[in-house]
Amino acid sequence: MDIKTLNGADFGNLATAKGAFDTLSTAFGQHVENWQHEVVDRLTRSEWTGTAGGHAQTRMQTLHDELQAAQQEIGLISRALQDASEAFVAAQTHLSNALNDAKAHKLTVAPDGGITWDKDPNSPNFAGTDADTLAKDIQSRITAALTEADHADRTISSRLAHLTTNATNATGLDSAVAKNDTAAANALQQVPSAGTDPNSVKAWWDSLTDEQQRMMALTHPEQIGNLDGIPATGRDQANRITLAKTHADLQQRLDALGPEPDSVVGTPYGAVEPPDHKLWKQEHDGLVDQLNGIKAIEDRMKVPVDANHPQTYLLGYDNAGRGHAIVASGNPDTADNVSTYVPGTGARLGHIGSDIERSDAMVAAANAAGTGKTTSSITWIGYDAPQSLADATDDQYAKDAENKLVGFENGLHATHNGTIGNNTILGHSYGTTTIGYTMKDHGLPVDNVVLIASPGAGVDSAKDLRIDPSHVYAAQSPSDMIGMATAIDPGGMAQNLWDNTVSNLPFVDDDDHHLIHGRQTTVSDFGANVMPVDPKAGHSDYWNNGSPTLAAMGRVIAGK
């Protein structure tokens with residue numbers, strides 16, 4: 001599709017053709033109804049019996065079914081033409097708007113899409129000092145409009161070709177075929193359910209025109225935004241709609257709370273907190289927490305794009321419970337390196353700001369590795385993380401996250417343009433436990449696993465993660481108190497007792513140690529590559545400027 005073809009096309013003919021098929025479908029429907037009443041029903045009421053009568057009735061009913069199937073197929077052609085008309089008109093409108101904006105800014109668009117302008121400040125046709133920026137934006141819009149038209153052309157042509165084949169070889173007279181074709185057409189308007197195989201979701205999404213995709217994002221943002229298998233651009237568009245709506249709703253609820261009630265009232269037994277204050281504070285603090293998270297995401301979206309701060313993509317969002325969000329620094333569908341970062345205890349929507357900063361730091365570290373390849377680092381708070389140290393002793397949070405993490409990682413592969421060059425899953429603290437349980441029970445389609453400050457990954461050996469142990473990396477500073485989170489299960493406690501005993505024997509060098517959720521990931525018996533650390537680093541210091549661990553993360557993410 002080129003500029004001249006799209007800009008000059010008269011898509012009114014598609015609407016006319018659609019109207020003609022509507023008329024045909026209506027007439028055909030009347031014909032089917034007449035056939036039923038005048039032929040099939042009369043034959044059924046007749047007293048014609050015997051073999052010949054039975055064959056005649058069967059044949060007449062078969063003809064009725066074939067006529068009904070043909071009517072359905074004709075109706076599907078009408079629907080395809082309607083979709084084509086809407087898709088092409090939308091693409092044409094986008095192109096026209098871009099061309100009009102170019103003209104308004106004194107930019108000249110060539111037939112091949114190239115843009116030129118008068119650069120003489122003294123000329124009456126001077127395009128201005130920002131002409132270069134405007135030209136790039138308009139050229140991008142023109143390319144997008146032409147791509148949109150091409151996509152519509154392919155998808156609509158495929159549908160019409162299928163229906164045409166059915167009509168020419170009489171396949172469309174089969175009621176089962178007509179039923180399947182109708183179901184396929186209806187499926188275009190129905191969002192696949194959560195948990196659907198990401199490859200099937202991607203195939204469904206690709207079967208839609210660009211205009212249909214936009215409408216799906218507008219009308220079903222909560223479903224599209226959180227569905228694995230939808231490309232990053234589609235999820236981002238849908239989730240931004242949901243984010244803005246939720247922001248307004250939460251702010252309205254916060255404003256409606258009114259002033260804070262008295263926090264203390266006197267009683268014969270002393271001062272106590274009244275129930276109305278407790279309820280107010282719980283509601284207030286929950287709303288403020290989520291709004292803080294929304295603001296952090298919105299602030300990241302406003303950061304100017306550069307090498308270390310690629311464009312933001314909101315790949316998941318909801319405010320259920322403490323809220324969830326998946327934020328990508330860089331497009332994971334086009335990046336050479338893709339890394340998913342799973343935070344640990346305390347992770348939630350309200351705390352996502354610092355986690356996004358860590359993702360940005362990992363992009364910068366990957367860039368510093370010097371491979372010249374692009375990187376997308378994703379902050380994945382797609383699960384309910386434990387919110388206290390006491391909660392973090394429970395492995396159920398990790399188990400509950402398994403299917404969600406598997407679906408997300410499979411979705412990254414389904415939507416990526418080609419094969420992901422280097423795919424890394426990286427966790428911090430309880431996030432490593434979540435990753436470990438998921439990989440142990442399901443496996444993950446990743447090239448590298450990075451375990452930072454792990455309280456145990458649910459396994460005793462790197463080889464139990466269903467990946468080559470040479471691609472498992474771990475870091476833990478001797479100053480990190482996570483190393484004091486000793487095992488609480490009888491097996492782990494017994495193992496620690498034994499290890500402590502043999503380590504005191506002459507000529508035995510054994511530093512093996514079990515933590516709450518399995519063997520310490522940095523001991524030799526675990527079998528991971530141990531990454532460098534700042535010996536003074538605390539539990540949250542691995543992403544500090546100058547951190548040797550951060551530099552090592554960057555090298556792993558970059559495939560170096």
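These lines cover the structure that appears in this document, whether it is placed above or below. From a predicted model like this one, the values you see are computed outputs, not experimental measurements.

### A few points about a negative patch on the surface
- Side chains of Glu260, Asp262, Glu273 and Asp276 sit close together on the surface and give a patch of like negative charge.
- Mapped onto the secondary structure, aspartate 276 falls in helix H10 (residues 275-302).

### Examining the packing of helix H2 (residues 12-45) against helix H3 (residues 50-104)
- Two elements in contact, H2 and H3, have axes whose closest approach is 9 Å; the angle formed by their N-to-C orientations is 165 degrees. With respect to their mutual orientation, H2 and H3 come out roughly antiparallel. You can see that H2 and H3 cross each other, and the crossing is left-handed.
- Of the residues contributing to the contact of H2 with H3, the split by class is 20 nonpolar, 14 polar and 2 charged.

### Re the packing of aromatic side chains
- A complete count under the given rule lists 5 aromatic pairs for this structure.
- Centre to centre, the rings of phenylalanine 11 and phenylalanine 88 are 5.1 Å apart; their planes meet at 5 degrees, and the pair counts as stacked. Here phenylalanine 11, found in the loop between helix H1 (3-8) and H2, pairs with phenylalanine 88, found in helix H3; they are 77 residues apart in sequence, far enough to count as distant. The pair phenylalanine 11 / phenylalanine 88 is uniform in exposure class, with both members buried.
- Arranged with centres 5.6 Å apart and planes meeting at 10 degrees, the rings of tryptophan 380 and tyrosine 383 form a pair that is stacked. Here the two residues tryptophan 380 and tyrosine 383 agree in accessibility, since each one is buried.

### Notes on unusual backbone geometry
- Backbone geometry places lysine 106, a non-glycine residue, at a positive phi of 65 degrees.
- Mapped onto the elements of the fold, lysine 106 is located in the loop between H3 and strand E1 (107-109).
- The exposure class of lysine 106 is partly exposed, given its relative accessible area of 39%.
- At alanine 170, a residue that is not glycine, the phi angle is positive and equals roughly 70 degrees.
- With respect to the secondary-structure elements, alanine 170 resides in the loop between helix H4 (131-168) and helix H5 (175-187).

### As for the environment of threonine 424
- Along the chain, threonine 424 turns up in strand E9 (residues 422-428).
- When the C-alpha atoms of threonine 424 and glycine 19 are compared, they prove to be 53 Å apart, with 405 residues separating the residues in sequence.
- Contacts of threonine 424, omitting those with residues within four sequence positions, involve Val338, Ser339, Thr340, Asn448, Val450, Val556 and Ile557.
- Separated by 3.0 Å, the side chains of threonine 424 and asparagine 448 make a polar contact.

Thresholds applied
Within any chain, residue numbers begin from 1 and follow the written order of that chain's sequence. Confidence filtering applies because this is a predicted model: local features only for residues at pLDDT of at least 70, side-chain atom pairs given and counted only at 80 or more, and all residues used for totals across whole chains, interfaces and linings. Excluded from the side-chain calculations are hydrogens and water; all other atoms, namely the structure's heavy atoms, are used. For patch building, the residue pool is restricted to those with more than 30% relative accessible area and no salt bridge; the joining distance is 9 Å between like charges and 5 Å between nonpolar side chains (Val, Leu, Ile, Met, Phe, Trp, Tyr). Where accessible areas are quoted, they stem from the Shrake-Rupley method and a 1.4 Å probe; at the residue level, only the protein chains shown are allowed to cover. A pair is scored as a salt bridge if a Lys or Arg side-chain nitrogen falls within 4 Å of a carboxyl oxygen belonging to Asp or Glu. In this charge count, Lys and Arg are treated as positive and Asp and Glu as negative; neither His nor the chain ends contribute. Where a charge lies is defined by one atom per residue type: Lys uses NZ, Arg uses CZ, Asp uses CG and Glu uses CD. Under the scheme used here, helices are H or I runs from DSSP no shorter than 4 residues and strands are E runs no shorter than 2 residues, and both carry numbers assigned from the N terminus. Simply put, an axis is a line fit to the C-alpha atoms, just over the touching stretch for a helix, and the angle between two N-to-C directions goes from 0 to 180 degrees. To sort the angles, those under 35 degrees are grouped as roughly parallel, those over 145 as roughly antiparallel, those from 65 to 115 as roughly perpendicular, and the leftovers as oblique. Here a crossing is called left-handed whenever its near helix is offset anticlockwise from the far helix by less than a right angle, and right-handed whenever the offset is clockwise. Lys, Arg, Asp and Glu make up the charged group, whereas Ala, Val, Leu, Ile, Met, Phe, Trp, Tyr, Cys and Pro make up the nonpolar group; the residues left over, Gly among them, are polar. Working definition: rings of Phe, Tyr and Trp (its six-membered ring) pair if their centres are within 6.5 Å, and the pair is stacked with planes under 30 degrees apart, edge-to-face with planes over 60 apart, and tilted otherwise. Only protein chains enter the accessibility calculation, which uses a 1.4 Å probe; a residue whose area is less than 20% of its type maximum is buried, one above 50% is exposed, and one in between is partly exposed. The contact criterion used throughout is that any non-hydrogen atoms of two residues lie within 4.5 Å. By the criterion applied in these results, polar contacts are pairs of N or O atoms within 3.5 Å in which, for protein atoms, one can donate a hydrogen and the other can accept it, and in which residues neighboring in sequence qualify only through two side-chain atoms.

By themselves, these observations are geometric and do not establish any function.
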